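Observations on the three-dimensional arrangement
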Amino acid sequence: VQVYAAINSTSTGEANFPLYQLVAFKRVFAVSAGTSASVKIKLDLAAMRLVDSSGVYRVIPGTYTIWAGGCSPAGGGLFATPLAPLQQTTIQLVP
């Protein structure tokens, strides 16, 4: 399972960030076709760091969208499709 984050808006007004970035993942084994499995993934705040306009690598306060699934939000890979909206949420990071 891959977890991606994208910054929607910042409280500092900064811009020019990546569309999304991989912030966590967990390998899941032995899930048979047609079944499901529950997976817990901890998001480390350090994985949410971006380079700000001053060139400093830090967590930017703002609103982020989080996606979780088998591929990036844009899709890709041999059998992967874009992640469905039901697999995303929004979080607020404050200083």
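First, a word on scope: everything that follows refers to the structure included in this document. Given the structure is predicted, the values throughout are model-derived calculations rather than measurements.

1. Re the overall build of the protein
If you tally the helices and strands in the protein, you get 0 helices and 6 strands. The buried share among the 95 residues of the protein stands at 31%. Partitioning the intrachain contacts of the protein with sequence separation of at least 6 by distance along the chain shows that 57% fall at a separation of at least 24. If you sum the accessible surface of the protein, you get close to 6,600 Å²; carbon and sulfur atoms cover 57% of it.

2. Here's the deal with empty space enclosed by the protein
In the structure shown here, the tally under the stated rule is 1 cavity of 30 Å³ or more. In this structure, the largest cavity spans a volume of roughly 40 Å³. Forming the walls of the largest cavity are Ala5, Ala6, Ile7, Phe17, Pro18, Tyr20, Gln21, Leu50 and Tyr64. The element that contributes the greatest number of residues to the lining of the largest cavity is strand 1 (residues 2-10), accounting for 3 residues. Tallied by class, the residues present in the lining of the largest cavity amount to 8 nonpolar, 1 polar and no charged.

3. Focus on the nonpolar core
Core analysis: the biggest nonpolar cluster contains 11 residues, these being Val3, Ala5, Ile7, Phe17, Val23, Ala24, Met48, Leu50, Ile60, Tyr64 and Ile66. Going through the elements one at a time, strand 1, strand 2 (21-25) and strand 5 (62-69) are the ones with two or more residues in this core. By residue number, the principal contributor to this core is strand 1, which donates 3 residues. Among all residues touching Ile7, those that are not within four sequence positions of it are Phe17, Leu50, Ile60, Thr63 and Tyr64.

4. Thoughts on the environment of Pro73
Within the secondary structure, Pro73 is located in the loop between strand 5 and strand 6 (88-93). C-alpha separation for the pair Pro73 and Ala6, spaced 67 residues apart in sequence, amounts to 9.8 Å.

5. What about a nonpolar patch on the surface?
Among the surface-exposed residues, Val1, Val28, Val31 and Val39 lie close enough to one another that they form a single nonpolar patch of about 240 Å² accessible area. Residue position: Val1 is located in the segment before strand 1.

Procedures and definitions
- Residues numbered from 1 in each chain as written.
- Predicted model: local features only at pLDDT ≥ 70, side-chain atom pairs only at ≥ 80, totals over all residues.
- Heavy atoms only, no water.
- Helix = DSSP H or I, 4+ residues; strand = E, 2+ residues; numbered from the N terminus.
- Buried < 20%, exposed > 50% of the residue type's maximum accessible area, 1.4 Å probe, protein only.
- Contact = heavy atoms within 4.5 Å.
- Areas by Shrake-Rupley, 256 points an atom, 1.4 Å probe, with all protein chains shown as cover.
- 1 Å grid on protein atoms, 1.4 Å probe; cavity = no way out; pocket = protein on both sides within 12 Å on 5 of 7 lines; lining within 4 Å.
- Points joined across faces, edges and corners; volume = space filled by probe spheres on them.
- Nonpolar A, V, L, I, M, F, W, Y, C, P; charged D, E, K, R; others polar.
- Core = buried A, V, L, I, M, F, W, Y, C linked by side-chain atoms within 4.5 Å.
- Patch = residues over 30% accessible without salt bridge, like charges linked within 9 Å, V, L, I, M, F, W, Y side chains within 5 Å.
- Salt bridge = Lys/Arg side-chain N within 4 Å of Asp/Glu carboxyl O.

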